[in-house]
Amino acid sequence: EYALRGEHLAFALHSTGQAALVGELKRVSGYNWEWLKATGASFWVKKREVLRELVEAGGKNAFVQGGRDPNKCFLWYMICGKLQVVKLLFRTDERESSKKMLGLLERDFSDPKGKANQVAKAVAVNFMSRGRFINAVAFFCLAKNYKGAVQVAANHLKDPHLFMVICRLLMDEDERKQSLLEILLPLVETNPWYAHLTLWHAGALSRSLAPLASPPDSLDPFSAAVLGPFLRLFNNSGIMVDGKILRASDAEVRRATRASAAAALLCGAGAGAVAEAKALERKDGKPAPSADEVISAGAVQAL
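Predicted, not measured: the structure shown is a model, and the values here were computed from it. (Residues numbered from 1 in each chain as written. Predicted model: local features only at pLDDT ≥ 70, side-chain atom pairs only at ≥ 80, totals over all residues. Heavy atoms only, no water.)

A.B. asks: Tell me what's going on with the packing of aromatic side chains, and back it up with residues and numbers.
C.D. replies: The geometry of an aromatic ring pair is captured by the separation of the ring centres together with the interplanar angle, meaning the angle of the planes. All chains considered together, the criterion is met by six aromatic pairs. Here the aromatic rings of F74 and F90 are separated by 6.2 Å at their centres, their planes lie at 90°, and the arrangement is edge-to-face. One end of the pair, F74, is in helix 6 (residues 74-79); the other, F90, is in helix 7 (residues 83-91), and 16 residues separate them in sequence. Owing to a relative accessible area of 4%, F74 belongs among the buried residues under this scheme. Through successive ring pairs, a cluster of aromatic residues spans F74, F90, F127 and F139. (Phe/Tyr/Trp six-rings, centres within 6.5 Å; stacked < 30°, edge-to-face > 60°. Helix = DSSP H or I, 4+ residues; strand = E, 2+ residues; numbered from the N terminus. Buried < 20%, exposed > 50% of the residue type's maximum accessible area, 1.4 Å probe, protein only.)

A.B. asks: Quick one: what's the story with the packing of helix 9 (residues 115-129) against helix 10 (residues 133-142), residue by residue and with numbers?
C.D. replies: In the contact formed by helix 9 and helix 10, the axes pass within 8 Å of each other and the chain directions differ by 170°. Relative to helix 10, helix 9 is oriented roughly antiparallel. The handedness of the crossing between helix 9 and helix 10 is left-handed. For the pair helix 9 and helix 10, the contacting residues are N117, A120, K121, V123, A124, V125, F127 and M128 in the first and F133, N135, A136, F139, F140 and L142 in the second. (Axes fitted to C-alpha atoms, helices over the stretch in contact; angles between N-to-C directions. Parallel < 35°, antiparallel > 145°, perpendicular 65-115°, else oblique. Left-handed = near helix turned anticlockwise from the far one by under 90°. Contact = heavy atoms within 4.5 Å.)

A.B. asks: Could you give me a rundown of the confidence of the model for the protein, with the residues and numbers involved?
C.D. replies: When pLDDT is low, close inspection of the predicted coordinates is not appropriate. Looking at the protein, the pLDDT average stands at 80 and 71% of residues meet or exceed 70. Least confident of the elements in the protein is helix 20 (residues 291-297), whose mean pLDDT is 36; most confident is helix 12 (residues 160-170), at 98. For residues 251-303, every residue scores under 50 in pLDDT, and the model assigns this stretch 66 contacts once sequence neighbours within four places are set aside. (pLDDT = per-residue confidence, 0-100.)

A.B. asks: I'd like to hear about the pattern of salt bridges, residue by residue, with values.
C.D. replies: Oppositely charged side chains may form a pair once their charged atoms are brought near each other. Going through the model one piece at a time under the given rule, you end up with seven salt bridges. The salt bridge involving K37 is made with E34; its shortest N-O contact spans 3.5 Å. Of this pair, K37 and E34 both sit in helix 3 (residues 33-39), separated by three residues, roughly a single helical turn. Classification of K37 as partly exposed rests on a relative accessible area of 22%. Here K37 makes a salt bridge to D159, at a shortest N to O gap of 3.5 Å. With K37 in helix 3 and D159 in the loop between helix 11 (146-155) and helix 12, this pair connects stretches of sequence that are 122 residues apart. By relative accessible area, which is 7% here, D159 ends up buried. Through salt bridges that share partners, E34, K37 and D159 make up one connected network. (Salt bridge = Lys/Arg side-chain N within 4 Å of Asp/Glu carboxyl O.)

A.B. asks: A description of the nonpolar core should follow, citing residues and the corresponding values.
C.D. replies: Side chains of a nonpolar character, in soluble globular proteins, are inclined to be buried together. Ranked by size, the top nonpolar core spans 76 residues in total, and within it W44, F74, I79, L142, L162, F163 and I166 carry the most contacts. Examining the composition of this core, we find that eight residues originate from one element, helix 12, more than from any other. Apart from residues lying up to four places away in sequence, F163 is in contact with V150, A153, A154, S179, L180, I183 and L184. (Core = buried A, V, L, I, M, F, W, Y, C linked by side-chain atoms within 4.5 Å.)

A.B. asks: Hey, could you go over helix 2 (residues 18-26) for me, with residue numbers and the actual values?
C.D. replies: Listed as buried for helix 2 are Q18, V22 and L25. Projected down its long axis, helix 2 carries its buried residues within an arc of 50°, all on one side. Turned more than 90 degrees from where helix 2 packs its buried face, A19 and A20 sit exposed. Packing partners of the buried residues in helix 2 comprise helix 1 (6-13), helix 3, helix 4 (41-44) and helix 5 (48-65). (Arc of directions from axis to C-beta.)

A.B. asks: For the environment of F74, give the residues involved together with the corresponding values.
C.D. replies: Along the chain, F74 and G59 lie 15 residues apart, while their C-alpha atoms are 7.7 Å from each other. Not counting chain neighbours up to four residues away, the residues in contact with F74 comprise V86, F90, M101, L105, A138, F139 and L142.

A.B. asks: Let's hear about helix 5: which residues, and what values?
C.D. replies: When the terminal C-alpha atoms of helix 5 are compared, their 26 Å separation across 18 residues agrees well with the 26 Å that a helix rising 1.5 Å per residue should span. Within helix 5, burial applies to V50, L51, L54, V55, E56, G58, G59, N61, A62 and F63. Residues of helix 5 that are buried make contact with helix 2, helix 3, helix 4, helix 6, helix 7 and helix 12. Note on helix 5: the residue one or two positions beyond its end, G67, has a positive phi of about 70°. (Expected span 1.5 Å × (residues − 1).)

A.B. asks: Please set out the packing of helix 13 (residues 173-188) against helix 14 (residues 192-201) residue by residue, giving values where relevant.
C.D. replies: Put simply, helix 13 and helix 14 touch, their axes get as near as 9 Å, and they point 170° apart. Accordingly, the angle class assigned to the pair helix 13 and helix 14 is roughly antiparallel. Residues L180, L181, L184, L185 and V188 of helix 13 lie in contact with helix 14, whose contacting residues are Y194, A195, T198, L199 and H201. Of the residues in the contact of helix 13 with helix 14, the class split is eight nonpolar, two polar and no charged. (Nonpolar A, V, L, I, M, F, W, Y, C, P; charged D, E, K, R; others polar.)

If you want it as structure tokens, here you go:
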């Protein structure tokens, strides 16, 4: 199966044509979680209500394709906050296991520290001990222990997409930011694109450009070649945030970017970016700065 790469997700996140991109996703029928994960939607779809719709539709598909077994869609509906729908599905299912499950779901889970939530958390821990990590994530969500859910997604499933969906659809702002910076970022920081996306969703907008300016040596040539054009596009168009246009040339970004990182960016961007930098004309009519001058000044400013 084909999965979109980190650079594709970055361009999609900042695209002004998100409605058209989402429309293409919604045209696909019968998709499952693996397909939705391959699209990287949790990282680039900006509107949380739209992301919730996509996940919920995946849950409906899982239910139908799984022989109308409520267990097949349990996690996805929990992530969407559809506990009442889950109860209805288990109530109408004739399986003995579903009747037992309904007995648990009928409890009051409104209090994260309540008895019912502690029972759900204990069930999640039990599933973890048996290596059934998807089930564990589902019951952590039921228990409103979202930190536990994302820790399983990160440490056991190694699934940043599941992590992001839970963060964006279930956590409050403070918990989401903390989880992204403390748990997900260390998991994806070797990939500058995913590091950029993670920092962006954590609200660290200017800081999110720094990973792109200092790509690791292990980054594949294709991704490295896209870094320069991406930052040039970002710098030329800017991104509107709370009424302010954020550009790669912002002073805050330059402070977070070392000269060595800027040099790496120029090298990674290829001859085209260097030629563009050399061709820039100074506003005072003086000769264009040399590549060395551009690098020493921060380089990102010139891209």
